[in-house]
Amino acid sequence: RDAAVFDIVEQVVSAIPDTRRPRIWSAGCSTGQEPLSLAMLFAEKLDHQMPEILASDVSESALNKARAGHYTQFEIQRGLPIRRMMQWFDSVDGDWIANPGLTRMVSFRRMNLVADSLPIGRFDVILCRNVLLYFSLDMRRAVLGRLAQVLRPDGVLVLGAGETVIGQTDAFRPSQRYRGLYEPNWAAAAAA
């Protein structure tokens, strides 16, 4: 699902020097399809080191499902190519369960984006897709400001197709390198 988004994330990560391990955060990962898709994508790439992938969500039950990597036929068919499904998942009683090697590529953590401590360090890519639309404008501004704090100066923020930072915050601006993504607005931060 959303192959174009994963293609852009792959471009971003491929541009990172091999001298450091790329870091990706899937904020609001729900039941884990996004971070597991990222893990599959990068595990299959032999020309770059495996990124550190953090996946967080406020729902412990969603995270438990993500950690288990257990999906119904309907859930797994939503955009996952058959080749990847057969390589990375096992069929059990009509459902599909991720190989343990796949789920180990992702660190899952319960996190409230508004109130909890932020992860330590900075990220090259933060995916926060279709999460902000559930927040009030003030909460969106607060979360975007927090995300900007842990994004590398040359990193990018990926939002859902119906989401934007325009008119929401000065912490980000549309990326000049990657269409549809956002980058930290350090000029605005310095002026504040």
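Here the structure is a predicted model, which means the values were calculated and not measured.

**Q** In this structure, what is going on with the overall build of the protein chain? I would like to understand it.
**A** Each helix and strand counted, the protein chain has eight helices and 10 strands in total. C-alpha atoms of the protein chain, sized along the principal axes, occupy 55 × 35 × 30 Å. Sorting the 192 residues of the protein chain into buried and exposed places 45% on the buried side. Sequence-distant contacts, at least 24 apart, represent 71% of the contacts inside the protein chain between residues at least 6 apart. Charge-centre separation for the protein chain: the mean point of 22 positive side chains lies 4 Å from the mean point of 21 negative side chains.

**Q** Can you help me understand unusual backbone geometry in this one?
**A** If a residue is not glycine, its phi is most likely negative; likewise, a peptide bond is most likely trans. Phi angles above zero are rare outside glycine, and Asp93 is one such case at about 55°. Along the chain, Asp93 turns up in the loop between strand 4 (89–92) and strand 5 (95–98). Using a relative accessible area of 80% as the deciding quantity, one classes Asp93 as exposed. For Asn130, which is not glycine, the phi dihedral falls at a positive 60°.

**Q** Can you help me understand the packing of aromatic side chains in this one?
**A** Given two aromatic rings, their pairing is described by the distance between the two centres and the angle made by the two planes. Applying the stated rule across the entire model yields two aromatic pairs. Taking 5.5 Å as the distance between ring centres and 35° as the angle between the ring planes, the aromatic pair formed by Trp25 and Phe123 counts as tilted. Of the two residues, Trp25 sits in strand 1 (residues 23–27) while Phe123 sits in strand 7 (residues 123–128), which places them 98 residues apart along the sequence. When its relative accessible area of 0% is taken as the criterion, Phe123 is described as buried. Between Tyr71 and Phe89, the aromatic rings sit 6.2 Å apart at their centres with planes inclined by 65°, giving edge-to-face as the arrangement.

**Q** I'm lost on the environment of Ser26 in this one. Help?
**A** Within the secondary structure layout, Ser26 lies in strand 1. Placed 85 residues apart in sequence, Ser26 and Met111 show a C-alpha to C-alpha distance of 11 Å. Setting aside chain neighbours within four positions, we find Ser26 in contact with Glu34, Pro35, Leu54, Ala55, Ser56 and Leu127.

**Q** I tried to follow helix 3 (residues 60–68) on my own but got confused; where do I start?
**A** Every α-helix carries 3.6 residues per turn, so stepping three or four residues along brings you back to the same face. When we look at burial in helix 3, the residues that qualify are Ala62, Leu63 and Ala66. Considered in projection along helix 3, the buried side chains sweep an arc of 95° and stay on one side of the axis. On its buried side, helix 3 packs onto helix 2 (33–43), strand 2 (52–57), strand 3 (70–71), helix 6 (100–103) and strand 6 (106–110).

**Q** When you look at the side chain of Arg23 in this model, what are you seeing that I'm missing?
**A** Along the chain, Arg23 falls in strand 1. Here Ile120 takes part through its backbone oxygen, which lies 3.1 Å from a polar atom of the side chain of Arg23. Excluding residues that lie within four positions of it along the chain, Arg23 makes contacts with Glu52, Ile120, Gly121, Arg122, Phe123, Asp124 and Val125.

**Q** When you look at the nonpolar core in this model, what are you seeing that I'm missing?
**A** If you look at soluble globular proteins, the nonpolar side chains tend to sit buried side by side. Formed by 33 residues in total, the largest nonpolar core has its most connected members in Val9, Ile24, Leu38, Phe89, Leu102, Phe108 and Val125. No other element matches helix 2, which puts six residues into this core. If sequence neighbours within four positions are ignored, Leu102 has contacts with Leu36, Ala39, Met40, Trp88 and Phe89.

**Q** Even after reading the chapter, I still don't get the sheet that holds strand 5, so can you show me in this structure?
**A** Backbone hydrogen bonds hold the strands of a sheet together, and the pairing may be parallel or antiparallel. Across the sheet, which stays open at both edges, the three strands sit in the order 3-5-4 with antiparallel pairing between neighbours. The open sheet has two edge strands with one neighbour each: strand 3 and strand 4. Bridge count between strand 4 and strand 5: four bridges; the pairing is antiparallel. By the bridge assignment, Phe89 is partnered in strand 5 with Ala98.

**Q** Mind showing me how you'd approach helix 7 (residues 137–149) here?
**A** A rise of 1.5 Å per residue sets the reference length of helix 7, with its 13 residues, at 18 Å; its end C-alpha atoms lie 19 Å apart and thus fit the reference within 8%. Among the residues of helix 7, Arg140, Val143, Leu144, Arg146, Leu147 and Ala148 are the ones counted as buried.

Scoring rules and cut-offs
Residues numbered from 1 in each chain as written. Predicted model: local features only at pLDDT ≥ 70, side-chain atom pairs only at ≥ 80, totals over all residues. Heavy atoms only, no water. Helix = DSSP H or I, 4+ residues; strand = E, 2+ residues; numbered from the N terminus. Buried < 20%, exposed > 50% of the residue type's maximum accessible area, 1.4 Å probe, protein only. Contact = heavy atoms within 4.5 Å. Lys, Arg positive; Asp, Glu negative; His and termini not counted. Charge placed at Lys NZ, Arg CZ, Asp CG, Glu CD. Phe/Tyr/Trp six-rings, centres within 6.5 Å; stacked < 30°, edge-to-face > 60°. Arc of directions from axis to C-beta. Polar contact = N/O pair within 3.5 Å; in protein donor to acceptor, adjacent residues only side chain to side chain. Core = buried A, V, L, I, M, F, W, Y, C linked by side-chain atoms within 4.5 Å. Pairing = 2+ DSSP bridges. Expected span 1.5 Å × (residues − 1).

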